[in-house]
Amino acid sequence: MRYGSKQAIARNPSAMKLQQLRYVWEVARHGLNISATAESLYTSQPGVSKQIRLLEDELGVQIFARSGKHLTHITPAGKTIVEMAGHILVEAGNIKRAAQEYRDEKRGGLAIATTHTQARYWLPMRIAAFMQRYPEVHLQMHQGSPKQIAEMAVQGEADVVIATEALELYEELVMLPIYHWNRSIVVPRGHPLATGPLTLERLADYPLVTYVAGFTGRSQLDRAFEARHLRPNVVFTASDADVIKCYVKLGLGVGVVANMAVDAEESALQALDASHLFPTSTTRIALRRRTFVRRFVYDFFQLLGPHLSHERVEAALNARSREEAEALFADVKLPVL
(Lines give C-alpha, C1' and ligand atoms only; values in the text may rest on other atoms or scores of the structure.)
Protein backbone atom coordinates (compact mmCIF):
# COMPACT_ATOMS: atom_id res chain seq x y z
CA MET A 1 0.00 0.00 0.00
CA ARG A 2 1.31 3.44 -0.90
CA TYR A 3 1.77 5.73 2.13
CA GLY A 4 -0.18 8.95 1.84
CA SER A 5 -3.20 7.37 0.08
CA LYS A 6 -6.45 9.02 1.16
CA GLN A 7 -8.35 6.05 -0.25
CA ALA A 8 -6.70 3.79 2.33
CA ILE A 9 -8.17 5.86 5.15
CA ALA A 10 -11.62 6.00 3.57
CA ARG A 11 -11.87 2.24 3.01
CA ASN A 12 -11.66 1.36 6.71
CA PRO A 13 -12.21 4.47 8.83
CA SER A 14 -13.21 2.69 12.03
CA ALA A 15 -10.46 0.11 12.36
CA MET A 16 -8.12 2.23 14.49
CA LYS A 17 -7.80 0.78 17.98
CA LEU A 18 -6.85 2.37 21.27
CA GLN A 19 -4.32 -0.43 21.73
CA GLN A 20 -2.54 0.59 18.53
CA LEU A 21 -2.29 4.18 19.72
CA ARG A 22 -0.87 2.95 23.02
CA TYR A 23 1.75 0.89 21.19
CA VAL A 24 2.77 3.91 19.09
CA TRP A 25 2.97 6.13 22.16
CA GLU A 26 4.96 3.59 24.16
CA VAL A 27 7.41 2.90 21.34
CA ALA A 28 8.12 6.62 21.10
CA ARG A 29 8.48 6.84 24.88
CA HIS A 30 10.93 3.91 24.95
CA GLY A 31 13.27 5.51 22.42
CA LEU A 32 11.98 3.37 19.50
CA ASN A 33 13.00 0.20 21.34
CA ILE A 34 10.29 -2.33 20.48
CA SER A 35 11.78 -4.94 22.82
CA ALA A 36 11.55 -2.61 25.83
CA THR A 37 8.06 -1.53 24.75
CA ALA A 38 6.82 -5.09 24.50
CA GLU A 39 8.28 -5.91 27.90
CA SER A 40 6.63 -2.89 29.54
CA LEU A 41 3.26 -3.81 28.00
CA TYR A 42 3.58 -7.55 28.74
CA THR A 43 3.19 -8.51 25.11
CA SER A 44 5.36 -9.77 22.25
CA GLN A 45 7.66 -7.80 19.95
CA PRO A 46 6.01 -9.18 16.79
CA GLY A 47 2.62 -8.17 18.19
CA VAL A 48 3.74 -4.59 18.73
CA SER A 49 5.33 -4.37 15.27
CA LYS A 50 2.27 -5.84 13.59
CA GLN A 51 -0.17 -3.44 15.23
CA ILE A 52 1.98 -0.42 14.35
CA ARG A 53 2.15 -1.61 10.71
CA LEU A 54 -1.63 -2.07 10.63
CA LEU A 55 -2.14 1.45 11.95
CA GLU A 56 0.29 2.91 9.43
CA ASP A 57 -1.45 1.04 6.61
CA GLU A 58 -4.82 2.31 7.72
CA LEU A 59 -3.68 5.92 8.06
CA GLY A 60 -1.67 5.81 4.87
CA VAL A 61 1.38 7.44 6.45
CA GLN A 62 4.56 6.18 7.99
CA ILE A 63 4.82 6.90 11.71
CA PHE A 64 8.30 5.42 12.17
CA ALA A 65 11.12 5.35 9.63
CA ARG A 66 12.94 2.03 9.37
CA SER A 67 16.26 0.54 8.41
CA GLY A 68 15.66 -3.15 7.96
CA LYS A 69 13.80 -4.35 11.03
CA HIS A 70 14.94 -1.43 13.18
CA LEU A 71 13.10 1.83 13.79
CA THR A 72 15.42 4.77 13.16
CA HIS A 73 13.35 7.87 13.85
CA ILE A 74 9.84 9.30 14.07
CA THR A 75 8.63 10.87 10.84
CA PRO A 76 7.19 14.41 10.77
CA ALA A 77 3.68 12.92 10.40
CA GLY A 78 4.54 10.47 13.17
CA LYS A 79 5.42 13.25 15.59
CA THR A 80 1.96 14.75 15.18
CA ILE A 81 0.29 11.35 15.50
CA VAL A 82 2.30 10.40 18.60
CA GLU A 83 1.38 13.68 20.28
CA MET A 84 -2.30 13.21 19.47
CA ALA A 85 -2.15 9.59 20.65
CA GLY A 86 -0.85 10.83 23.98
CA HIS A 87 -3.82 13.18 24.35
CA ILE A 88 -6.25 10.40 23.42
CA LEU A 89 -4.73 8.04 26.00
CA VAL A 90 -5.04 10.73 28.67
CA GLU A 91 -8.72 11.17 27.83
CA ALA A 92 -9.24 7.39 27.85
CA GLY A 93 -7.79 7.34 31.35
CA ASN A 94 -10.10 10.20 32.32
CA ILE A 95 -13.11 8.23 31.10
CA LYS A 96 -12.09 5.28 33.27
CA ARG A 97 -11.59 7.51 36.31
CA ALA A 98 -14.91 9.24 35.77
CA ALA A 99 -16.69 5.89 35.54
CA GLN A 100 -14.98 4.68 38.71
CA GLU A 101 -15.96 7.88 40.51
CA TYR A 102 -19.65 7.42 39.75
CA ARG A 103 -19.49 3.67 40.38
CA ASP A 104 -17.87 3.96 43.81
CA GLU A 105 -16.31 7.24 44.93
CA LYS A 106 -14.38 5.62 47.79
CA ARG A 107 -12.62 2.94 45.77
CA GLY A 108 -9.86 3.17 43.21
CA GLY A 109 -6.14 3.74 43.00
CA LEU A 110 -3.78 6.63 43.65
CA ALA A 111 -0.19 6.53 42.39
CA ILE A 112 2.09 9.04 44.10
CA ALA A 113 5.60 9.70 42.80
CA THR A 114 8.00 11.58 45.02
CA THR A 115 11.58 11.85 46.24
CA HIS A 116 13.10 10.05 49.20
CA THR A 117 13.04 13.10 51.47
CA GLN A 118 9.31 13.66 50.98
CA ALA A 119 8.45 9.97 51.28
CA ARG A 120 10.60 9.45 54.37
CA TYR A 121 10.05 12.60 56.40
CA TRP A 122 7.02 14.61 55.36
CA LEU A 123 4.43 12.30 53.83
CA PRO A 124 4.03 9.40 56.32
CA MET A 125 1.54 11.06 58.68
CA ARG A 126 -0.50 12.41 55.77
CA ILE A 127 -0.52 9.08 53.96
CA ALA A 128 -1.63 7.36 57.18
CA ALA A 129 -4.49 9.85 57.59
CA PHE A 130 -5.57 9.33 53.98
CA MET A 131 -5.51 5.53 54.28
CA GLN A 132 -7.60 5.72 57.44
CA ARG A 133 -10.17 7.83 55.61
CA TYR A 134 -10.09 5.75 52.40
CA PRO A 135 -9.15 2.16 53.32
CA GLU A 136 -10.36 0.81 49.97
CA VAL A 137 -8.17 3.09 47.85
CA HIS A 138 -5.06 1.27 46.67
CA LEU A 139 -1.99 3.48 47.12
CA GLN A 140 1.23 3.16 45.17
CA MET A 141 4.35 5.08 46.13
CA HIS A 142 7.09 5.55 43.54
CA GLN A 143 10.44 7.14 44.37
CA GLY A 144 12.98 8.69 42.04
CA SER A 145 14.74 11.86 41.04
CA PRO A 146 12.55 14.94 40.42
CA LYS A 147 12.95 14.52 36.66
CA GLN A 148 12.14 10.83 36.81
CA ILE A 149 8.95 11.32 38.79
CA ALA A 150 7.86 14.30 36.68
CA GLU A 151 8.21 12.08 33.62
CA MET A 152 6.04 9.49 35.37
CA ALA A 153 3.25 12.04 35.70
CA VAL A 154 3.61 13.19 32.10
CA GLN A 155 3.51 9.58 30.87
CA GLY A 156 0.49 8.71 33.03
CA GLU A 157 2.37 6.33 35.33
CA ALA A 158 1.70 8.51 38.38
CA ASP A 159 -1.39 10.51 39.28
CA VAL A 160 0.48 13.15 41.28
CA VAL A 161 4.11 14.02 41.96
CA ILE A 162 5.59 15.80 44.95
CA ALA A 163 9.02 17.41 44.65
CA THR A 164 11.03 20.60 45.00
CA GLU A 165 13.12 20.52 41.82
CA ALA A 166 12.50 20.12 38.07
CA LEU A 167 8.69 20.23 37.92
CA GLU A 168 8.74 23.64 36.23
CA LEU A 169 10.51 22.06 33.25
CA TYR A 170 7.34 20.25 32.17
CA GLU A 171 4.62 22.37 30.58
CA GLU A 172 2.20 19.44 30.77
CA LEU A 173 2.16 19.68 34.57
CA VAL A 174 0.11 21.99 36.77
CA MET A 175 2.09 22.85 39.91
CA LEU A 176 0.52 23.67 43.26
CA PRO A 177 2.67 24.96 46.16
CA ILE A 178 2.52 23.02 49.43
CA TYR A 179 5.09 24.45 51.84
CA HIS A 180 8.39 26.31 52.15
CA TRP A 181 11.45 24.83 53.81
CA ASN A 182 15.11 25.51 54.45
CA ARG A 183 18.25 23.66 55.47
CA SER A 184 20.25 22.58 58.45
CA ILE A 185 23.94 21.90 58.76
CA VAL A 186 24.60 18.60 60.53
CA VAL A 187 27.96 18.08 62.21
CA PRO A 188 29.39 15.67 64.77
CA ARG A 189 28.92 17.00 68.30
CA GLY A 190 31.76 19.29 69.32
CA HIS A 191 32.51 20.33 65.75
CA PRO A 192 34.13 23.81 65.36
CA LEU A 193 31.19 25.05 63.26
CA ALA A 194 28.94 24.68 66.31
CA THR A 195 30.65 27.65 67.95
CA GLY A 196 30.65 31.18 66.60
CA PRO A 197 28.53 32.61 63.76
CA LEU A 198 27.64 30.24 60.94
CA THR A 199 28.58 31.78 57.59
CA LEU A 200 28.99 30.52 54.03
CA GLU A 201 32.67 31.46 54.22
CA ARG A 202 33.21 29.20 57.23
CA LEU A 203 31.14 26.45 55.65
CA ALA A 204 33.22 26.61 52.46
CA ASP A 205 36.33 25.73 54.51
CA TYR A 206 35.00 22.23 55.21
CA PRO A 207 34.27 19.22 52.96
CA LEU A 208 30.52 19.02 52.36
CA VAL A 209 28.18 16.05 52.13
CA THR A 210 24.87 16.95 50.54
CA TYR A 211 22.24 16.13 47.94
CA VAL A 212 22.89 15.07 44.36
CA ALA A 213 22.36 17.87 41.83
CA GLY A 214 18.68 18.09 40.96
CA PHE A 215 17.50 16.74 44.33
CA THR A 216 15.86 18.46 47.30
CA GLY A 217 16.65 22.07 46.52
CA ARG A 218 20.32 21.45 45.69
CA SER A 219 20.19 24.24 43.08
CA GLN A 220 19.43 26.81 45.80
CA LEU A 221 22.49 25.72 47.74
CA ASP A 222 24.75 26.04 44.69
CA ARG A 223 23.39 29.49 43.83
CA ALA A 224 23.96 30.76 47.38
CA PHE A 225 27.67 29.93 47.20
CA GLU A 226 27.97 31.33 43.67
CA ALA A 227 26.42 34.62 44.78
CA ARG A 228 29.27 35.02 47.29
CA HIS A 229 31.89 33.89 44.77
CA LEU A 230 32.63 30.81 46.83
CA ARG A 231 33.29 27.29 45.62
CA PRO A 232 31.98 24.64 48.05
CA ASN A 233 34.11 21.54 48.51
CA VAL A 234 31.42 18.92 47.90
CA VAL A 235 33.10 15.57 48.49
CA PHE A 236 30.08 13.26 48.59
CA THR A 237 26.50 13.45 47.28
CA ALA A 238 23.43 11.29 47.79
CA SER A 239 19.70 11.46 47.13
CA ASP A 240 18.94 10.14 50.62
CA ALA A 241 19.31 12.35 53.71
CA ASP A 242 19.84 9.28 55.90
CA VAL A 243 22.85 8.34 53.78
CA ILE A 244 24.20 11.89 54.08
CA LYS A 245 23.92 11.79 57.88
CA CYS A 246 25.56 8.36 57.97
CA TYR A 247 28.67 9.67 56.24
CA VAL A 248 28.77 12.76 58.41
CA LYS A 249 28.94 10.41 61.40
CA LEU A 250 31.88 8.67 59.76
CA GLY A 251 33.71 12.00 59.58
CA LEU A 252 33.62 12.34 55.81
CA GLY A 253 32.43 15.94 55.99
CA VAL A 254 29.78 18.44 57.08
CA GLY A 255 26.22 17.63 56.03
CA VAL A 256 23.71 19.98 54.42
CA VAL A 257 20.18 18.54 54.59
CA ALA A 258 16.57 19.68 54.58
CA ASN A 259 15.32 20.82 57.98
CA MET A 260 12.67 18.10 57.96
CA ALA A 261 15.39 15.44 57.76
CA VAL A 262 16.88 16.43 61.11
CA ASP A 263 16.17 13.93 63.88
CA ALA A 264 15.99 15.62 67.29
CA GLU A 265 16.83 12.31 68.96
CA GLU A 266 20.03 11.85 66.99
CA SER A 267 22.72 11.73 69.70
CA ALA A 268 25.84 11.63 67.52
CA LEU A 269 25.02 14.69 65.42
CA GLN A 270 24.23 18.31 66.08
CA ALA A 271 21.97 20.34 63.78
CA LEU A 272 22.72 24.01 63.07
CA ASP A 273 20.03 26.21 61.57
CA ALA A 274 21.12 27.46 58.13
CA SER A 275 17.96 29.31 57.12
CA HIS A 276 19.92 32.59 57.04
CA LEU A 277 22.46 31.15 54.57
CA PHE A 278 20.23 29.78 51.81
CA PRO A 279 17.08 30.94 50.00
CA THR A 280 13.86 29.22 51.01
CA SER A 281 12.79 26.34 48.78
CA THR A 282 9.22 25.40 47.90
CA THR A 283 7.86 21.88 47.65
CA ARG A 284 5.03 21.45 45.16
CA ILE A 285 2.52 18.86 44.11
CA ALA A 286 1.90 18.51 40.38
CA LEU A 287 -0.45 16.65 38.09
CA ARG A 288 -1.11 16.53 34.39
CA ARG A 289 -3.31 19.06 32.69
CA ARG A 290 -6.69 17.81 31.46
CA THR A 291 -6.78 15.16 34.17
CA PHE A 292 -10.08 14.06 35.68
CA VAL A 293 -9.48 14.35 39.43
CA ARG A 294 -11.39 12.01 41.68
CA ARG A 295 -12.95 13.21 44.92
CA PHE A 296 -10.56 11.24 47.12
CA VAL A 297 -7.61 12.89 45.32
CA TYR A 298 -9.04 16.32 46.18
CA ASP A 299 -9.29 15.12 49.79
CA PHE A 300 -5.65 14.03 49.62
CA PHE A 301 -4.70 17.55 48.58
CA GLN A 302 -6.55 18.92 51.62
CA LEU A 303 -4.46 16.69 53.88
CA LEU A 304 -1.33 18.25 52.36
CA GLY A 305 -2.50 21.78 53.09
CA PRO A 306 -5.81 23.57 53.78
CA HIS A 307 -5.05 26.04 50.99
CA LEU A 308 -5.34 23.19 48.45
CA SER A 309 -9.12 23.34 48.42
CA HIS A 310 -11.26 21.63 45.79
CA GLU A 311 -12.19 24.99 44.28
CA ARG A 312 -8.63 26.35 44.13
CA VAL A 313 -7.14 23.15 42.70
CA GLU A 314 -9.86 22.94 40.07
CA ALA A 315 -9.30 26.59 39.14
CA ALA A 316 -5.55 25.91 38.76
CA LEU A 317 -6.24 22.94 36.50
CA ASN A 318 -8.45 25.11 34.32
CA ALA A 319 -6.04 28.07 34.24
CA ARG A 320 -4.96 29.23 30.79
CA SER A 321 -1.33 29.63 31.79
CA ARG A 322 1.14 28.73 34.53
CA GLU A 323 1.19 32.37 35.64
CA GLU A 324 -2.58 32.36 36.02
CA ALA A 325 -2.42 29.19 38.11
CA GLU A 326 0.33 30.64 40.33
CA ALA A 327 -1.71 33.81 40.89
CA LEU A 328 -4.38 31.71 42.60
CA PHE A 329 -1.92 31.13 45.47
CA ALA A 330 -0.47 34.64 45.65
CA ASP A 331 -2.34 35.47 48.86
CA VAL A 332 -1.63 32.13 50.56
CA LYS A 333 0.79 32.11 53.48
CA LEU A 334 2.47 28.74 53.12
CA PRO A 335 3.82 26.96 56.18
CA VAL A 336 7.60 27.06 56.63
CA LEU A 337 9.35 23.90 57.84
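The structure contained in this document is the topic of the report that follows. (Residues numbered from 1 in each chain as written. Predicted model: local features only at pLDDT ≥ 70, side-chain atom pairs only at ≥ 80, totals over all residues. Heavy atoms only, no water.)

This next bit is on the overall build of the chain. A count of helical and extended segments in the chain gives 14 helices and 12 strands. If one aligns the C-alpha atoms of the chain with their principal axes, the spans along those axes are about 80 × 45 × 35 Å. Looking at the 337 residues of the chain, the share that counts as buried comes to 47%. For the chain, restricting intrachain contacts to residue pairs at least 6 apart in sequence, the fraction spanning at least 24 positions comes to 73%. The chain carries 39 positive and 35 negative side-chain charges, and their two centres are separated by 5 Å. (Helix = DSSP H or I, 4+ residues; strand = E, 2+ residues; numbered from the N terminus. Buried < 20%, exposed > 50% of the residue type's maximum accessible area, 1.4 Å probe, protein only. Contact = heavy atoms within 4.5 Å. Lys, Arg positive; Asp, Glu negative; His and termini not counted. Charge placed at Lys NZ, Arg CZ, Asp CG, Glu CD.)

On to the nonpolar core. Among the nonpolar cores identified, the biggest contains 48 residues, and L110, L176, I285, F300, F301, L304 and L308 are the most heavily contacted of them. Take this core: its biggest share by element is 6 residues, from helix 12 (residues 295-304). Non-local contacts of L304, meaning those with residues more than four positions away in its chain, are made with W122, L123, R126, I162, I178 and I285. Core analysis: the next-biggest nonpolar cluster, separate from the first, contains 19 residues, L21, I63, I81 and A85 among them. (Core = buried A, V, L, I, M, F, W, Y, C linked by side-chain atoms within 4.5 Å.)

This part is about helix 13 (residues 310-317). Each α-helix turn comprises 3.6 residues. Residues three or four places apart therefore point the same way. All of the buried residues in helix 13 are V313, A316 and L317. One side of helix 13 carries all its buried residues, which in axial view fall inside an arc of 100°. Those residues of helix 13 that are buried lie in contact with strand 6 (173-181), strand 12 (281-288), helix 12 and helix 14 (322-327). (Arc of directions from axis to C-beta.)

For the rest of this paragraph, the subject is the sheet that holds strand 12. Here we have 5 strands laid out as an open sheet, ordered 4-3-5-12-6, and mixed in their pairing. The open sheet terminates on both sides in strands that have one partner only, identified here as strand 4 (137-143) and strand 6. Strand-to-strand twist across the sheet, computed as the mean angle between neighbouring axes with direction ignored, equals 20°. Here strand 5 (residues 160-163) runs beside strand 12; their pairing, made up of 3 bridges, is antiparallel. Paired with V161 across the two strands is A286, which belongs to strand 12. Each of strand 3 (108-114), strand 4, strand 5, strand 6 and strand 12 touches helix 8 (residues 146-154); the most contacted strand, strand 5, lies at about 160° to it. The sheet contacts of helix 12 involve strand 3, strand 4, strand 5, strand 6 and strand 12, and relative to strand 3 the element is tilted by about 40°. (Pairing = 2+ DSSP bridges. Axes fitted to C-alpha atoms, helices over the stretch in contact; angles between N-to-C directions.)

Attention now moves to the environment of G78. Mapping G78 onto the fold places it in helix 5 (residues 76-103). When residues no more than four places from it in sequence are discounted, the contact partners of G78 are Q62 and I63.

The contact between helix 2 (residues 18-29) and helix 4 (residues 45-59) brings their axes to 9 Å, and the two run at 110°. Considered as vectors, helix 2 and helix 4 are oriented roughly perpendicular to each other. In contact with Q19, Q20, L21, Y23, V24 and V27 of helix 2, helix 4 contributes G47, V48, Q51, I52, L54, L55 and E58. Residue composition of the contact of helix 2 with helix 4, grouped by class: 8 nonpolar, 4 polar and 1 charged. (Parallel < 35°, antiparallel > 145°, perpendicular 65-115°, else oblique. Nonpolar A, V, L, I, M, F, W, Y, C, P; charged D, E, K, R; others polar.)

At Y42, a residue that is not glycine, the phi angle is positive and equals roughly 55°. Mapped onto the elements, Y42 comes out in the loop between helix 3 (34-40) and helix 4. You can call Y42 exposed: its relative accessible area is 79%. A positive phi angle, near 75°, is found at A166, a position not held by glycine. The topology assignment puts A166 in the loop between strand 5 and strand 6.

One pass over the full model with this rule turns up 8 aromatic pairs. An angle of 35° between the planes, with centres 4.7 Å apart, marks the rings of W122 and Y179 as tilted. Of this pair, W122 sits in helix 6 (residues 116-122) while Y179 sits in strand 6, and the two are 57 residues apart along the sequence. Y179 sits in the buried class, given a relative accessible area of 1%. A network of ring pairs unites the aromatic residues F130, Y134, F296 and F300 as a single cluster. (Phe/Tyr/Trp six-rings, centres within 6.5 Å; stacked < 30°, edge-to-face > 60°.)

Considering all chains together, one arrives at 9 salt bridges under this definition. The residue E157 makes a salt bridge to R29 at a minimum N-O spacing of 2.7 Å. Note that E157 is positioned in the loop between helix 8 and strand 5 and R29 in helix 2, a separation of 128 residues in sequence. Via salt bridges that share partners, E26, R29 and E157 belong to a single interconnected network. (Salt bridge = Lys/Arg side-chain N within 4 Å of Asp/Glu carboxyl O.)

Time to look at the sheet that holds strand 7 (residues 183-188). An order of 9-8-10-7-11 is seen for the 5 strands of this open sheet, with the pairing classed as mixed. With partners counted over all chains shown, the strands left at the sheet margins are strand 9 (233-238) and strand 11 (269-273), one partner each. For this sheet, the mean angle separating the axes of adjacent strands, direction not counted, is 30°. Pairing analysis gives 2 bridges linking strand 8 (residues 207-211) to strand 10 (residues 254-258), with the strands arranged parallel. The partner of L208 across the bridge, within strand 10, is V254. Each of strand 7, strand 8, strand 9 and strand 10 is contacted by helix 10 (residues 218-227), which is oriented at about 145° to strand 8, the strand it contacts most. Contacting strand 7, strand 8, strand 9, strand 10 and strand 11, helix 11 (residues 241-249) crosses the sheet at an angle of about 160° to strand 10.

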